[in-house]
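Per-entry structural report
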Amino acid sequence: MSSLDDVVIVCAIRTPLCRSRRGGLKDVPAATLLTTVLEETLARTNLKAADVEDICVGNVLAPPAGAAAWRMAALVAGFPNTTSVSAVNRQCSSGLQAVANIANSIKAGNIKVGIGCGVESMTQTPMHKMKPPEVDWESMGSNKEAMECIIPMGVTSENVVKEYGLGRNALDQFSVQSHKKAAKAQAAGKFDTEIVPVGSVKKDDGIRANSSLEALSKLKPAFEENGVTTAGNSSQTTDGAAAVVLTTRREAMQRRLPIMGVWRGFTITGVPPRIMGIGPAIAIPKVLQQCQLSIEDIDVFEINEAFASQAAYCISDLVIPVEKVNPNGGAIALGHPLGATGARQIATLIHEMHREKHRYGVISMCIGTGMGAAAVIEVEAKSTL
């Protein structure tokens, strides 16, 4: 049932996603990527910058959480100093959490218009340069599960493989399909409306249209000698940014803003850190219950492909028809700019829902240290891009 107090999405965009260190955005600072999408939100909505009361930025790798850089990026994008900025780090769900934070502020009546966004330059701040947490290792070492929070992500993928009996061939095939779907979507121009160019860079550059089972089967395990997780069936490290503008239905109607979709629900849940990849299998049923929906009610799912292992497991465990999942490819083909991914998924999902006239869509991802996040978006029959 629609309400004037519903939180709605009036703009959802992203930069191209480009391979870290080798791709088209490798020389672009993360703050510049963020400025690019923030500027575009104003251009697409015709909002006055001063009308945006708060911006929440998801980021994982920039020290210390990029707080100063993101505030500077907003000011350079044309937002006045009265528009506040915060940073959030819930690892791989940071972009989605940023959008949820803005949605919650609007729902609570704290603000009327806000932007949830995410950004990551995995070229500038690569994962392998992350420092271990500063903790009392003696006390932490006495707790097995606490120590499992620092298991390398690739090893957690292998743990999922062992726990649920997954095979290398199926995971490589999953990866091939991700690239094939993304290549087909890119060739058809499906990403064009959600992408804002960064200089001369206009397209995602990690998609391999010629990906094959034969080629992937030759890759060596990346994390364990006898493992099945490889560079080919894992998400790519990526540079990119995305932004989502939210307000109330009442405010959107008064400002004559296009209502692209309605924010229906969000949840976060914990899972065992050693098999953190199963997060979506727990979070999706939880958010569906919150929204009084079922798997069958959902037309399309954007489930982050951190690894083929965990994504394939979650899809199978929830008995989701594969044709409903990542119809335009996922992070294995497009890339996974950690802090931006959740917001990027919203942009991809909502444009796909408009093209295909879908009603309900779900975004979900696993989260390092053992969590899962999920959100539900509704596109009403009268919604517009």
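The coordinates are above.
The shown structure was predicted, so the numbers you read here are calculated from the model rather than taken from an experiment.

Attention shifts here to the packing of aromatic side chains. Per the counting criterion, the structure on display carries three aromatic pairs. Aromatic pair Phe223 and Phe307: ring centres 6.3 Å apart, planes at 85°, arrangement edge-to-face. One end of the pair, Phe223, is in the loop between helix H8 (213–217) and strand S6 (238–248); the other, Phe307, is in the loop between strand S8 (300–303) and helix H11 (308–317), and 84 residues separate them in sequence. Between Trp263 and Phe266, the aromatic rings sit 6.3 Å apart at their centres with planes inclined by 25°, giving stacked as the arrangement.

Our focus in this paragraph is empty space enclosed by the protein. Considering all chains together, one arrives at one cavity of 30 Å³ or more under this definition. Empty space within the largest cavity amounts to approximately 30 Å³. Lining the largest cavity are Gln186, Phe191, Asp192, Ile195, Lys203 and Asp204. Class assignment for the residues of the lining of the largest cavity results in two nonpolar, one polar and three charged.

A few words on the pairing of strand S7 (residues 261–270). Burial of S7 is extensive: seven of the ten residues sit out of reach of the surface. Judged from the two bridges that link them, strand S1 (residues 7–14) and S7 form a sheet pairing that is antiparallel. Looking at the pairing, Ile9 lines up with Gly261 of S7. Bridge count between S7 and strand S10 (residues 371–378): eight bridges; the pairing is antiparallel. The partner of Val262 across the bridge, within S10, is Glu378.

End to end, helix H3 (residues 94–107) covers 20 Å across 14 residues, agreeing with the expected 20 Å (1.5 Å per residue, within 8%). Extensive coverage of H3 is indicated by the burial of eleven of its 14 residues. By the burial criterion, the buried members of H3 are Ser94, Gly95, Leu96, Gln97, Ala98, Val99, Ala100, Ile102, Ala103, Ser105 and Ile106. Where H3 ends, the next residue or the one after it, Gly109, has phi of about 85°, a positive value.

Inspection of every chain in the model, using the stated rule, returns 20 salt bridges. Lys144 is the partner of Glu148 in a salt bridge, and the nearest nitrogen-oxygen pair spans 2.6 Å. Take Glu148: its relative accessible area is 11%, and that puts it in the buried class.

In this section: the layout of surface pockets. Approximately 250 Å³ is the volume attributed to the second largest pocket. Looking at the lining of the second largest pocket residue by residue, the class counts come to eight nonpolar, three polar and two charged.

Time to look at unusual backbone geometry. Its identity is not glycine, yet Asn326 carries a phi of approximately 45°, on the positive side. For Asn326, the location among the structural elements is in the loop between H11 and helix H12 (331–334).

On the surface, a cluster of nonpolar side chains totalling about 320 Å² of accessible area is made up of Val135, Trp137, Met140 and Ile150. Checked against the element boundaries, Val135 lands in the loop between strand S5 (113–121) and helix H4 (137–140). Residue Val135 is classed as partly exposed on the basis of its relative accessible area of 33%.

What follows concerns the environment of Gly227. Take Gly227: it is sitting in the loop between H8 and S6. Each C-alpha atom of the pair Gly227 and Ser3 lies 51 Å from the other, and the pair is 224 residues apart in sequence. The contacts of Gly227, once residues within four sequence positions are left out, are Glu158 and Pro221.

With that out of the way, let us pick up the nonpolar core. Core analysis: the largest hydrophobic core is formed by 38 residues, its most contacted members being Leu34, Leu38, Ile55, Phe79, Ile115, Cys117 and Val119. Elements with a contribution of two residues or more to this core: S1, helix H1 (30–45), strand S3 (54–58), helix H2 (67–76), S5 and S6. Here the element with the most residues in this core is H1; it accounts for six residues. Filtering out sequence-adjacent residues up to four positions away, Val119 remains in contact with Ala30, Leu33, Leu34, Val57, Gly58, Asn59, Trp70, Gly240, Ala241, Gly339 and Ala340. Within the second largest apolar cluster, 34 residues are counted, among which are Val244, Phe266, Ile363 and Val379.

Here is what the cut-offs are and how they apply
Residues numbered from 1 in each chain as written. Predicted model: local features only at pLDDT ≥ 70, side-chain atom pairs only at ≥ 80, totals over all residues. Heavy atoms only, no water. Phe/Tyr/Trp six-rings, centres within 6.5 Å; stacked < 30°, edge-to-face > 60°. Helix = DSSP H or I, 4+ residues; strand = E, 2+ residues; numbered from the N terminus. 1 Å grid on protein atoms, 1.4 Å probe; cavity = no way out; pocket = protein on both sides within 12 Å on 5 of 7 lines; lining within 4 Å. Points joined across faces, edges and corners; volume = space filled by probe spheres on them. Nonpolar A, V, L, I, M, F, W, Y, C, P; charged D, E, K, R; others polar. Buried < 20%, exposed > 50% of the residue type's maximum accessible area, 1.4 Å probe, protein only. Pairing = 2+ DSSP bridges. Expected span 1.5 Å × (residues − 1). Salt bridge = Lys/Arg side-chain N within 4 Å of Asp/Glu carboxyl O. Patch = residues over 30% accessible without salt bridge, like charges linked within 9 Å, V, L, I, M, F, W, Y side chains within 5 Å. Areas by Shrake-Rupley, 256 points an atom, 1.4 Å probe, with all protein chains shown as cover. Contact = heavy atoms within 4.5 Å. Core = buried A, V, L, I, M, F, W, Y, C linked by side-chain atoms within 4.5 Å.

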